[in-house]
Amino acid sequence: MSPIGQQDASLLQTLPSLGRVQTNDRDKIPESVEKRSTTSEKAAGVVAALVPLSEKSSGISSPPERTRREKMVSNVQFAALCWSMMLVGWSDGSTGPLLPRLREVYDVGFMVVSLIFVMTCCGFILGAVANIFLIERFPFGTILAAGATLQIITFCVQASAPPFAAFAAVNLLSGFGAALQEALANGFVGSLKYHSKSKMGFLHASYGLGAFAAPLVATQFAQMERWAFHYFVALGLAVLNSLSMILVFRFKSREVCLREGGELVGEVSDANGKGKFRQIMTNKSVHFLAFFVLFYVGVEVTIGGESSHQVKTRSRAKSPPGWIVTYIIDIRKGGPSSGYISSGFFGGLSLGRVILLPINKLVGERRVLFIYAALAFGLEFVIWFVPSLIGNAVAVSITGLLLGPMFPIVMNQSSRILPPWILTGAVGWIAGFGSAGSALLPFLTGAVADKHGIQGLHPFLVAMMVVMVVLFWLTPSTPSIVTDDSPASQPDLEKAT
(Lines give C-alpha, C1' and ligand atoms only; values in the text may rest on other atoms or scores of the structure.)
Protein backbone atom coordinates (compact mmCIF):
# COMPACT_ATOMS: atom_id res chain seq x y z
CA MET A 1 0.00 0.00 0.00
CA SER A 2 1.33 3.46 -0.87
CA PRO A 3 2.17 5.96 1.89
CA ILE A 4 -0.88 8.03 0.92
CA GLY A 5 -3.15 4.97 1.18
CA GLN A 6 -1.66 4.10 4.60
CA GLN A 7 -2.34 7.66 5.79
CA ASP A 8 -5.99 7.50 4.60
CA ALA A 9 -6.52 4.13 6.27
CA SER A 10 -5.13 5.37 9.56
CA LEU A 11 -7.31 8.46 9.21
CA LEU A 12 -10.46 6.32 8.79
CA GLN A 13 -9.51 4.31 11.88
CA THR A 14 -9.09 7.51 13.86
CA LEU A 15 -12.40 9.17 12.88
CA PRO A 16 -14.66 6.91 15.06
CA SER A 17 -12.56 7.72 18.08
CA LEU A 18 -12.78 11.42 17.30
CA GLY A 19 -16.58 11.20 17.41
CA ARG A 20 -16.33 10.04 21.07
CA VAL A 21 -14.09 12.91 22.16
CA GLN A 22 -15.90 15.47 24.33
CA THR A 23 -15.46 19.19 23.72
CA ASN A 24 -14.38 19.85 27.31
CA ASP A 25 -11.49 17.43 26.83
CA ARG A 26 -10.16 19.39 23.88
CA ASP A 27 -6.92 20.21 25.74
CA LYS A 28 -6.20 16.49 26.23
CA ILE A 29 -6.28 15.64 22.51
CA PRO A 30 -2.85 14.59 21.29
CA GLU A 31 -1.27 16.89 18.72
CA SER A 32 -1.10 14.09 16.11
CA VAL A 33 -4.82 13.40 16.40
CA GLU A 34 -5.61 17.11 16.16
CA LYS A 35 -3.70 17.32 12.88
CA ARG A 36 -5.58 14.30 11.57
CA SER A 37 -8.84 16.00 12.57
CA THR A 38 -7.85 19.03 10.53
CA THR A 39 -7.13 16.73 7.60
CA SER A 40 -10.60 15.13 7.91
CA GLU A 41 -12.26 18.55 7.92
CA LYS A 42 -10.48 19.41 4.69
CA ALA A 43 -11.62 16.11 3.18
CA ALA A 44 -15.19 16.91 4.18
CA GLY A 45 -14.84 20.25 2.45
CA VAL A 46 -13.75 18.49 -0.75
CA VAL A 47 -16.80 16.20 -0.58
CA ALA A 48 -19.12 19.19 -0.01
CA ALA A 49 -17.66 20.87 -3.06
CA LEU A 50 -18.75 17.91 -5.15
CA VAL A 51 -22.43 18.49 -4.28
CA PRO A 52 -24.27 19.94 -7.31
CA LEU A 53 -24.43 23.70 -7.20
CA SER A 54 -28.18 23.71 -7.92
CA GLU A 55 -28.86 21.69 -4.74
CA LYS A 56 -26.63 23.93 -2.62
CA SER A 57 -28.15 27.15 -3.94
CA SER A 58 -31.75 25.97 -3.64
CA GLY A 59 -31.31 24.48 -0.19
CA ILE A 60 -33.07 21.22 -1.11
CA SER A 61 -31.96 17.69 -1.80
CA SER A 62 -32.49 15.81 -4.99
CA PRO A 63 -36.09 14.54 -5.26
CA PRO A 64 -36.56 10.80 -5.06
CA GLU A 65 -37.24 9.12 -8.35
CA ARG A 66 -40.88 8.20 -8.75
CA THR A 67 -41.88 4.66 -9.49
CA ARG A 68 -43.70 3.74 -12.68
CA ARG A 69 -46.89 3.17 -10.72
CA GLU A 70 -46.67 6.61 -9.08
CA LYS A 71 -46.20 8.26 -12.46
CA MET A 72 -49.21 6.41 -13.84
CA VAL A 73 -51.38 7.38 -10.84
CA SER A 74 -50.31 11.02 -11.20
CA ASN A 75 -51.16 11.03 -14.91
CA VAL A 76 -54.56 9.44 -14.30
CA GLN A 77 -55.35 12.01 -11.61
CA PHE A 78 -54.39 14.83 -13.95
CA ALA A 79 -56.45 13.38 -16.80
CA ALA A 80 -59.50 13.20 -14.53
CA LEU A 81 -59.09 16.85 -13.55
CA CYS A 82 -58.69 17.84 -17.22
CA TRP A 83 -61.95 16.05 -18.02
CA SER A 84 -63.74 17.98 -15.26
CA MET A 85 -62.39 21.29 -16.62
CA MET A 86 -63.40 20.29 -20.14
CA LEU A 87 -66.96 19.75 -18.86
CA VAL A 88 -66.95 23.20 -17.22
CA GLY A 89 -65.93 24.69 -20.57
CA TRP A 90 -68.57 22.60 -22.35
CA SER A 91 -71.27 23.91 -20.02
CA ASP A 92 -70.16 27.53 -20.49
CA GLY A 93 -69.93 27.17 -24.26
CA SER A 94 -73.34 25.52 -24.72
CA THR A 95 -75.62 28.37 -23.68
CA GLY A 96 -74.75 30.96 -26.35
CA PRO A 97 -75.80 28.99 -29.45
CA LEU A 98 -78.99 27.82 -27.69
CA LEU A 99 -80.12 31.29 -26.59
CA PRO A 100 -82.09 32.11 -29.76
CA ARG A 101 -83.97 28.79 -29.50
CA LEU A 102 -84.59 29.30 -25.78
CA ARG A 103 -86.13 32.71 -26.48
CA GLU A 104 -88.29 31.17 -29.19
CA VAL A 105 -89.47 28.17 -27.16
CA TYR A 106 -90.10 30.02 -23.90
CA ASP A 107 -91.18 33.29 -25.56
CA VAL A 108 -89.03 35.45 -23.31
CA GLY A 109 -86.97 38.57 -23.94
CA PHE A 110 -83.34 39.24 -23.30
CA MET A 111 -83.77 40.49 -19.73
CA VAL A 112 -85.50 37.26 -18.76
CA VAL A 113 -83.26 34.86 -20.64
CA SER A 114 -80.23 36.57 -19.10
CA LEU A 115 -81.29 35.02 -15.79
CA ILE A 116 -79.48 31.89 -17.02
CA PHE A 117 -76.17 33.75 -16.82
CA VAL A 118 -77.09 35.47 -13.57
CA MET A 119 -77.92 32.16 -11.84
CA THR A 120 -74.75 30.50 -13.12
CA CYS A 121 -72.67 33.44 -11.92
CA CYS A 122 -74.34 33.43 -8.49
CA GLY A 123 -73.79 29.69 -8.18
CA PHE A 124 -70.14 30.10 -9.05
CA ILE A 125 -69.58 32.82 -6.44
CA LEU A 126 -71.47 30.85 -3.77
CA GLY A 127 -69.43 27.76 -4.62
CA ALA A 128 -66.18 29.71 -4.33
CA VAL A 129 -67.11 30.96 -0.86
CA ALA A 130 -68.45 27.58 0.29
CA ASN A 131 -65.28 25.87 -0.92
CA ILE A 132 -63.23 27.77 1.68
CA PHE A 133 -65.25 26.16 4.47
CA LEU A 134 -65.81 22.77 2.84
CA ILE A 135 -62.10 21.98 2.37
CA GLU A 136 -61.64 22.21 6.15
CA ARG A 137 -64.40 19.70 6.86
CA PHE A 138 -64.51 17.21 3.99
CA PRO A 139 -61.87 15.30 2.01
CA PHE A 140 -60.70 16.51 -1.38
CA GLY A 141 -62.19 13.56 -3.27
CA THR A 142 -65.57 13.91 -1.57
CA ILE A 143 -65.96 17.55 -2.59
CA LEU A 144 -64.97 16.76 -6.19
CA ALA A 145 -67.57 13.99 -6.38
CA ALA A 146 -70.24 16.28 -4.90
CA GLY A 147 -69.50 19.01 -7.44
CA ALA A 148 -69.70 16.51 -10.30
CA THR A 149 -73.03 15.19 -8.99
CA LEU A 150 -74.54 18.69 -9.00
CA GLN A 151 -73.74 18.95 -12.70
CA ILE A 152 -75.54 15.65 -13.34
CA ILE A 153 -78.64 17.00 -11.58
CA THR A 154 -78.50 20.17 -13.67
CA PHE A 155 -78.32 18.39 -17.02
CA CYS A 156 -81.04 15.91 -16.02
CA VAL A 157 -83.45 18.76 -15.35
CA GLN A 158 -82.53 20.73 -18.49
CA ALA A 159 -82.75 17.67 -20.75
CA SER A 160 -86.45 17.38 -19.86
CA ALA A 161 -87.13 20.93 -21.21
CA PRO A 162 -88.84 22.09 -18.00
CA PRO A 163 -90.58 25.45 -17.54
CA PHE A 164 -88.21 28.36 -17.92
CA ALA A 165 -88.12 29.17 -14.18
CA ALA A 166 -86.79 25.67 -13.42
CA PHE A 167 -84.46 25.71 -16.45
CA ALA A 168 -82.84 28.95 -15.26
CA ALA A 169 -82.83 28.21 -11.52
CA VAL A 170 -81.03 24.88 -11.89
CA ASN A 171 -78.04 26.73 -13.32
CA LEU A 172 -77.31 27.76 -9.75
CA LEU A 173 -76.39 24.13 -9.05
CA SER A 174 -74.28 23.92 -12.19
CA GLY A 175 -72.29 27.02 -11.23
CA PHE A 176 -71.88 25.80 -7.67
CA GLY A 177 -70.57 22.39 -8.77
CA ALA A 178 -68.29 23.88 -11.40
CA ALA A 179 -66.81 26.31 -8.85
CA LEU A 180 -65.95 23.46 -6.47
CA GLN A 181 -64.26 21.42 -9.17
CA GLU A 182 -62.38 24.34 -10.70
CA ALA A 183 -61.08 25.53 -7.32
CA LEU A 184 -59.89 22.08 -6.27
CA ALA A 185 -58.38 21.28 -9.67
CA ASN A 186 -56.40 24.53 -9.74
CA GLY A 187 -55.28 24.11 -6.15
CA PHE A 188 -54.24 20.49 -6.74
CA VAL A 189 -52.24 21.20 -9.91
CA GLY A 190 -50.77 24.35 -8.36
CA SER A 191 -49.37 22.32 -5.46
CA LEU A 192 -47.63 19.76 -7.69
CA LYS A 193 -43.82 19.65 -7.67
CA TYR A 194 -43.49 17.74 -10.94
CA HIS A 195 -44.39 19.60 -14.17
CA SER A 196 -46.83 21.94 -12.43
CA LYS A 197 -46.48 24.83 -14.88
CA SER A 198 -46.96 22.65 -17.95
CA LYS A 199 -49.90 20.83 -16.38
CA MET A 200 -51.57 24.11 -15.43
CA GLY A 201 -51.43 25.11 -19.09
CA PHE A 202 -52.92 21.81 -20.25
CA LEU A 203 -55.58 21.97 -17.52
CA HIS A 204 -56.93 25.27 -18.80
CA ALA A 205 -56.47 24.20 -22.39
CA SER A 206 -58.99 21.47 -21.53
CA TYR A 207 -61.47 24.17 -20.53
CA GLY A 208 -60.85 25.94 -23.84
CA LEU A 209 -61.35 22.68 -25.72
CA GLY A 210 -64.75 22.20 -24.10
CA ALA A 211 -65.76 25.81 -24.82
CA PHE A 212 -64.65 25.36 -28.43
CA ALA A 213 -66.42 22.02 -29.06
CA ALA A 214 -69.72 22.70 -27.28
CA PRO A 215 -70.99 25.45 -29.65
CA LEU A 216 -70.37 23.18 -32.64
CA VAL A 217 -72.68 20.55 -31.13
CA ALA A 218 -75.17 22.96 -29.57
CA THR A 219 -75.63 24.78 -32.88
CA GLN A 220 -76.86 21.54 -34.50
CA PHE A 221 -79.34 20.79 -31.71
CA ALA A 222 -80.59 24.40 -31.74
CA GLN A 223 -81.97 23.74 -35.23
CA MET A 224 -83.79 20.53 -34.20
CA GLU A 225 -87.22 20.13 -32.76
CA ARG A 226 -85.79 18.22 -29.79
CA TRP A 227 -83.33 20.96 -28.91
CA ALA A 228 -83.14 19.86 -25.26
CA PHE A 229 -81.51 16.58 -26.33
CA HIS A 230 -78.26 18.55 -26.38
CA TYR A 231 -78.27 18.19 -22.61
CA PHE A 232 -78.30 14.40 -22.92
CA VAL A 233 -74.87 14.71 -24.51
CA ALA A 234 -73.79 16.92 -21.61
CA LEU A 235 -75.37 14.44 -19.19
CA GLY A 236 -73.29 11.59 -20.62
CA LEU A 237 -70.12 13.66 -20.22
CA ALA A 238 -71.14 14.58 -16.67
CA VAL A 239 -71.74 10.94 -15.69
CA LEU A 240 -68.27 10.02 -16.96
CA ASN A 241 -66.87 12.94 -14.99
CA SER A 242 -68.59 11.87 -11.80
CA LEU A 243 -67.38 8.28 -12.19
CA SER A 244 -63.82 9.44 -12.77
CA MET A 245 -63.89 11.64 -9.65
CA ILE A 246 -65.11 8.70 -7.56
CA LEU A 247 -62.85 6.00 -9.02
CA VAL A 248 -59.67 8.10 -9.25
CA PHE A 249 -59.78 10.11 -6.02
CA ARG A 250 -61.99 7.70 -4.01
CA PHE A 251 -63.12 10.32 -1.47
CA LYS A 252 -59.55 10.72 -0.17
CA SER A 253 -57.78 13.80 1.12
CA ARG A 254 -55.61 15.94 -1.12
CA GLU A 255 -52.42 14.94 0.70
CA VAL A 256 -53.12 11.22 0.26
CA CYS A 257 -53.84 11.70 -3.45
CA LEU A 258 -50.62 13.66 -3.90
CA ARG A 259 -48.54 11.00 -2.14
CA GLU A 260 -50.10 8.27 -4.28
CA GLY A 261 -48.78 10.17 -7.30
CA GLY A 262 -45.28 10.34 -5.82
CA GLU A 263 -45.50 14.04 -5.06
CA LEU A 264 -43.44 15.68 -2.33
CA VAL A 265 -45.93 16.64 0.36
CA GLY A 266 -44.86 18.65 3.39
CA GLU A 267 -46.72 19.40 6.55
CA VAL A 268 -48.97 22.36 5.72
CA SER A 269 -50.00 24.26 8.82
CA ASP A 270 -51.63 27.58 9.53
CA ALA A 271 -48.79 29.97 10.33
CA ASN A 272 -50.71 32.66 12.19
CA GLY A 273 -53.71 30.85 13.61
CA LYS A 274 -56.34 33.09 11.96
CA GLY A 275 -59.34 31.64 10.19
CA LYS A 276 -58.75 30.84 6.54
CA PHE A 277 -61.63 32.98 5.35
CA ARG A 278 -60.24 35.99 7.18
CA GLN A 279 -56.74 35.35 5.85
CA ILE A 280 -58.00 35.12 2.27
CA MET A 281 -60.11 38.26 2.53
CA THR A 282 -57.25 40.28 4.08
CA ASN A 283 -54.57 39.16 1.60
CA LYS A 284 -54.05 41.93 -0.96
CA SER A 285 -52.46 39.57 -3.48
CA VAL A 286 -55.67 37.52 -3.56
CA HIS A 287 -57.71 40.61 -4.44
CA PHE A 288 -55.28 41.85 -7.10
CA LEU A 289 -55.43 38.45 -8.77
CA ALA A 290 -59.22 38.19 -8.34
CA PHE A 291 -59.81 41.55 -10.04
CA PHE A 292 -57.33 40.60 -12.77
CA VAL A 293 -59.35 37.45 -13.47
CA LEU A 294 -62.58 39.48 -13.39
CA PHE A 295 -61.32 41.75 -16.17
CA TYR A 296 -59.69 38.84 -18.01
CA VAL A 297 -62.89 36.80 -18.09
CA GLY A 298 -64.79 39.95 -19.02
CA VAL A 299 -62.52 40.55 -22.02
CA GLU A 300 -62.74 36.88 -23.01
CA VAL A 301 -66.54 36.74 -22.89
CA THR A 302 -66.96 40.20 -24.44
CA ILE A 303 -65.02 38.98 -27.47
CA GLY A 304 -66.34 35.43 -27.69
CA GLY A 305 -69.56 35.31 -25.64
CA GLU A 306 -73.20 36.15 -26.38
CA SER A 307 -74.14 39.81 -26.47
CA SER A 308 -77.40 41.52 -25.68
CA HIS A 309 -77.23 43.57 -28.86
CA GLN A 310 -77.23 40.44 -30.99
CA VAL A 311 -80.08 38.83 -29.15
CA LYS A 312 -82.15 41.94 -29.68
CA THR A 313 -81.29 42.64 -33.29
CA ARG A 314 -80.33 39.39 -35.04
CA SER A 315 -82.72 36.79 -36.37
CA ARG A 316 -83.32 33.88 -34.05
CA ALA A 317 -81.93 31.35 -36.45
CA LYS A 318 -78.74 33.21 -37.27
CA SER A 319 -77.77 35.02 -34.06
CA PRO A 320 -74.01 34.57 -33.80
CA PRO A 321 -72.13 34.66 -30.49
CA GLY A 322 -69.77 37.45 -29.47
CA TRP A 323 -69.65 41.25 -29.41
CA ILE A 324 -66.71 41.10 -31.79
CA VAL A 325 -68.92 39.23 -34.25
CA THR A 326 -71.51 42.00 -34.00
CA TYR A 327 -68.74 44.48 -34.84
CA ILE A 328 -67.62 42.38 -37.84
CA ILE A 329 -71.20 42.14 -39.17
CA ASP A 330 -72.23 45.76 -38.60
CA ILE A 331 -68.97 47.57 -39.37
CA ARG A 332 -67.08 45.18 -41.66
CA LYS A 333 -70.29 43.96 -43.39
CA GLY A 334 -69.61 40.29 -42.73
CA GLY A 335 -72.29 37.66 -43.34
CA PRO A 336 -73.91 35.15 -40.98
CA SER A 337 -70.82 32.90 -41.25
CA SER A 338 -68.97 35.57 -39.27
CA GLY A 339 -70.10 33.64 -36.21
CA TYR A 340 -67.23 31.23 -36.81
CA ILE A 341 -64.87 34.04 -35.80
CA SER A 342 -65.95 33.34 -32.21
CA SER A 343 -64.90 29.69 -32.60
CA GLY A 344 -61.59 30.89 -34.00
CA PHE A 345 -61.09 33.01 -30.91
CA PHE A 346 -61.76 30.13 -28.51
CA GLY A 347 -59.66 27.78 -30.64
CA GLY A 348 -56.76 30.21 -30.37
CA LEU A 349 -57.41 30.55 -26.65
CA SER A 350 -57.11 26.79 -26.12
CA LEU A 351 -54.13 26.41 -28.47
CA GLY A 352 -52.19 29.25 -26.86
CA ARG A 353 -52.30 27.55 -23.48
CA VAL A 354 -50.33 24.64 -24.93
CA ILE A 355 -48.05 25.77 -27.75
CA LEU A 356 -46.79 28.87 -25.91
CA LEU A 357 -45.61 26.88 -22.88
CA PRO A 358 -41.96 26.77 -24.09
CA ILE A 359 -41.95 30.54 -24.57
CA ASN A 360 -43.41 31.02 -21.09
CA LYS A 361 -40.55 28.98 -19.61
CA LEU A 362 -37.89 30.66 -21.72
CA VAL A 363 -38.90 34.27 -21.07
CA GLY A 364 -40.43 33.87 -17.62
CA GLU A 365 -44.15 33.82 -16.89
CA ARG A 366 -44.42 37.24 -15.28
CA ARG A 367 -42.44 38.99 -18.03
CA VAL A 368 -44.09 37.14 -20.88
CA LEU A 369 -47.59 38.11 -19.73
CA PHE A 370 -46.75 41.78 -20.31
CA ILE A 371 -45.39 40.89 -23.77
CA TYR A 372 -48.59 39.03 -24.68
CA ALA A 373 -50.67 41.95 -23.43
CA ALA A 374 -48.69 44.43 -25.56
CA LEU A 375 -49.16 42.27 -28.66
CA ALA A 376 -52.88 41.92 -27.90
CA PHE A 377 -53.12 45.72 -27.68
CA GLY A 378 -51.59 46.00 -31.12
CA LEU A 379 -54.01 43.47 -32.59
CA GLU A 380 -56.97 45.30 -31.05
CA PHE A 381 -55.87 48.45 -32.90
CA VAL A 382 -55.57 46.41 -36.10
CA ILE A 383 -59.18 45.22 -35.74
CA TRP A 384 -60.24 48.75 -34.83
CA PHE A 385 -58.61 50.67 -37.69
CA VAL A 386 -57.85 48.19 -40.52
CA PRO A 387 -60.99 47.70 -42.69
CA SER A 388 -60.29 44.11 -43.71
CA LEU A 389 -62.74 41.31 -42.95
CA ILE A 390 -60.19 38.51 -43.33
CA GLY A 391 -57.50 40.50 -41.53
CA ASN A 392 -59.84 41.17 -38.63
CA ALA A 393 -60.80 37.49 -38.38
CA VAL A 394 -57.15 36.43 -38.27
CA ALA A 395 -56.37 39.14 -35.71
CA VAL A 396 -59.21 37.92 -33.46
CA SER A 397 -57.86 34.35 -33.54
CA ILE A 398 -54.32 35.50 -32.72
CA THR A 399 -55.71 37.65 -29.91
CA GLY A 400 -57.24 34.49 -28.45
CA LEU A 401 -53.88 32.76 -28.84
CA LEU A 402 -52.16 35.51 -26.83
CA LEU A 403 -54.85 35.80 -24.15
CA GLY A 404 -54.95 32.03 -23.65
CA PRO A 405 -51.82 31.58 -21.46
CA MET A 406 -52.73 34.44 -19.13
CA PHE A 407 -55.16 32.52 -16.93
CA PRO A 408 -52.76 29.58 -16.28
CA ILE A 409 -49.98 32.08 -15.59
CA VAL A 410 -52.14 33.78 -12.96
CA MET A 411 -52.92 30.42 -11.35
CA ASN A 412 -49.19 29.59 -11.26
CA GLN A 413 -48.54 33.03 -9.76
CA SER A 414 -51.12 32.26 -7.08
CA SER A 415 -49.31 29.03 -6.23
CA ARG A 416 -46.01 30.89 -5.91
CA ILE A 417 -47.02 33.87 -3.78
CA LEU A 418 -49.90 32.64 -1.59
CA PRO A 419 -49.41 30.70 1.65
CA PRO A 420 -50.00 26.97 1.04
CA TRP A 421 -52.60 26.63 3.79
CA ILE A 422 -54.99 29.04 2.02
CA LEU A 423 -54.06 28.14 -1.57
CA THR A 424 -57.06 26.00 -2.51
CA GLY A 425 -59.58 28.34 -0.89
CA ALA A 426 -57.91 31.43 -2.35
CA VAL A 427 -57.82 29.96 -5.86
CA GLY A 428 -61.50 29.14 -5.54
CA TRP A 429 -62.30 32.71 -4.53
CA ILE A 430 -60.16 34.15 -7.33
CA ALA A 431 -61.92 32.00 -9.94
CA GLY A 432 -65.38 32.55 -8.43
CA PHE A 433 -65.06 36.30 -8.11
CA GLY A 434 -63.55 36.47 -11.58
CA SER A 435 -66.55 34.66 -13.04
CA ALA A 436 -68.63 37.74 -12.25
CA GLY A 437 -66.73 39.42 -15.08
CA SER A 438 -68.50 37.14 -17.55
CA ALA A 439 -71.78 38.88 -16.70
CA LEU A 440 -70.70 42.35 -15.57
CA LEU A 441 -68.32 43.53 -18.30
CA PRO A 442 -70.32 42.28 -21.32
CA PHE A 443 -73.33 44.05 -19.81
CA LEU A 444 -71.31 47.28 -19.55
CA THR A 445 -70.17 46.74 -23.14
CA GLY A 446 -73.81 46.54 -24.18
CA ALA A 447 -74.58 49.76 -22.33
CA VAL A 448 -71.71 51.50 -24.14
CA ALA A 449 -72.88 50.09 -27.50
CA ASP A 450 -76.46 51.22 -26.91
CA LYS A 451 -75.34 54.78 -26.21
CA HIS A 452 -72.36 55.24 -28.54
CA GLY A 453 -72.80 52.45 -31.08
CA ILE A 454 -70.78 49.29 -31.63
CA GLN A 455 -67.79 51.51 -32.50
CA GLY A 456 -67.29 51.95 -28.75
CA LEU A 457 -66.37 48.27 -28.41
CA HIS A 458 -62.64 48.58 -29.02
CA PRO A 459 -61.89 51.57 -26.78
CA PHE A 460 -63.69 49.69 -24.00
CA LEU A 461 -61.73 46.47 -24.67
CA VAL A 462 -58.41 48.33 -24.70
CA ALA A 463 -59.33 50.05 -21.42
CA MET A 464 -60.13 46.69 -19.79
CA MET A 465 -56.81 45.24 -21.01
CA VAL A 466 -54.93 48.21 -19.54
CA VAL A 467 -56.61 47.62 -16.18
CA MET A 468 -55.62 43.93 -16.40
CA VAL A 469 -51.96 44.78 -16.94
CA VAL A 470 -51.91 47.31 -14.10
CA LEU A 471 -53.47 44.81 -11.69
CA PHE A 472 -50.93 42.14 -12.57
CA TRP A 473 -48.09 44.66 -12.23
CA LEU A 474 -49.34 45.52 -8.71
CA THR A 475 -49.38 41.85 -7.73
CA PRO A 476 -46.23 40.90 -5.77
CA SER A 477 -43.76 38.65 -7.56
CA THR A 478 -42.57 36.97 -4.36
CA PRO A 479 -44.55 35.59 -1.40
CA SER A 480 -44.86 37.63 1.77
CA ILE A 481 -44.55 34.41 3.79
CA VAL A 482 -42.17 31.65 2.70
CA THR A 483 -42.29 28.26 4.40
CA ASP A 484 -40.46 25.03 3.71
CA ASP A 485 -43.59 23.50 2.20
CA SER A 486 -44.55 26.57 0.20
CA PRO A 487 -44.57 26.10 -3.58
CA ALA A 488 -42.43 29.21 -3.83
CA SER A 489 -39.69 27.60 -1.74
CA GLN A 490 -39.42 24.55 -4.00
CA PRO A 491 -38.63 24.31 -7.70
CA ASP A 492 -41.01 23.11 -10.35
CA LEU A 493 -39.47 19.78 -11.28
CA GLU A 494 -40.21 20.08 -14.99
CA LYS A 495 -37.45 17.66 -15.99
CA ALA A 496 -37.68 15.38 -13.00
CA THR A 497 -38.92 11.85 -13.39
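Read on for an overview of the structure. (Residues numbered from 1 in each chain as written. Predicted model: local features only at pLDDT ≥ 70, side-chain atom pairs only at ≥ 80, totals over all residues. Heavy atoms only, no water.)

Section: the overall build of the chain
Working step 1: The helix and strand tally for the chain stands at 24 helices and zero strands.
Working step 2: Taking all 497 residues of the chain together, 52% fall into the buried category.
Working step 3: Considering only contacts in the chain between residues 6 or more positions apart, those separated by 24 or more positions represent 79%.
Working step 4: With the model as given, the accessible surface of the chain reaches about 22,300 Å², and the carbon-plus-sulfur share is 65%. (Helix = DSSP H or I, 4+ residues; strand = E, 2+ residues; numbered from the N terminus. Buried < 20%, exposed > 50% of the residue type's maximum accessible area, 1.4 Å probe, protein only. Contact = heavy atoms within 4.5 Å. Areas by Shrake-Rupley, 256 points an atom, 1.4 Å probe, with all protein chains shown as cover.)

Details of empty space enclosed by the protein
Working step 1: Applying the stated criterion across every chain yields a total of two cavities of 30 Å³ or more.
Working step 2: Lining the second largest cavity are K197, G201, R353, L357, N360, E365, P405, P408, I409 and N412.
Working step 3: Elements supplying a minimum of two residues to the lining of the second largest cavity: α10 (196-222), α18 (357-363) and α21 (406-417).
Working step 4: Sort the elements by how many residues they give to the lining of the second largest cavity and α21 lands first, with three residues.
Working step 5: Its residues placed into classes, the lining of the second largest cavity shows four nonpolar, three polar and three charged. (1 Å grid on protein atoms, 1.4 Å probe; cavity = no way out; pocket = protein on both sides within 12 Å on 5 of 7 lines; lining within 4 Å. Points joined across faces, edges and corners; volume = space filled by probe spheres on them. Nonpolar A, V, L, I, M, F, W, Y, C, P; charged D, E, K, R; others polar.)

Observations concerning α21
Working step 1: Relative to the 16 Å expected for 12 residues at 1.5 Å per residue, α21 spans 16 Å between its end C-alpha atoms, a close match to the ideal helical length.
Working step 2: Taking burial as the measure, the 12 residues of α21 include 11 buried ones, the bulk of the element.
Working step 3: Those residues of α21 that sit buried are M406, F407, P408, I409, V410, M411, N412, Q413, S414, S415 and I417. (Expected span 1.5 Å × (residues − 1).)

Some words on the pattern of salt bridges
Two side chains carrying opposite charge are able to pair once their charged atoms lie near each other.
Working step 1: In this structure the tally under the stated criterion is six salt bridges.
Working step 2: Of the charged contacts, one joins E300 and R353 as a salt bridge, the two residues approaching to 3.9 Å between their closest N and O atoms. Of this pair, E300 sits in helix α14 (residues 284-304) while R353 sits in helix α17 (residues 340-355), and the two are 53 residues apart along the sequence.
Working step 3: Looking at E300, the relative accessible area reads 7%, which means it is buried. (Salt bridge = Lys/Arg side-chain N within 4 Å of Asp/Glu carboxyl O.)

Some thoughts on unusual backbone geometry
Working step 1: The backbone phi angle of R250 is positive, close to 50°, even though this residue is not glycine.
Working step 2: Residue class for R250 comes out partly exposed when judged on its relative accessible area of 41%.
Working step 3: Despite not being glycine, F251 shows a phi value in the positive range, around 60°.
Working step 4: Structurally, F251 can be placed in the loop between α11 (230-249) and α12 (254-260).

A look at the packing of α14 against helix α24 (residues 457-474)
Working step 1: Interhelical geometry of α14 versus α24 gives an angle of 155° and a closest axis separation of 9 Å. One finds that α14 runs roughly antiparallel with respect to α24. Like other packed secondary-structure pairs, α14 and α24 cross with a definite hand, here left-handed. Facing α14, whose interface residues are F288, F291, F292, F295, Y296, V299, T302 and I303, α24 presents L457, L461, M464, M465, V467, M468, L471, F472 and L474.
Working step 2: Looking at the contact of α14 with α24 residue by residue, the classes come out as 16 nonpolar, one polar and no charged. (Axes fitted to C-alpha atoms, helices over the stretch in contact; angles between N-to-C directions. Parallel < 35°, antiparallel > 145°, perpendicular 65-115°, else oblique. Left-handed = near helix turned anticlockwise from the far one by under 90°.)

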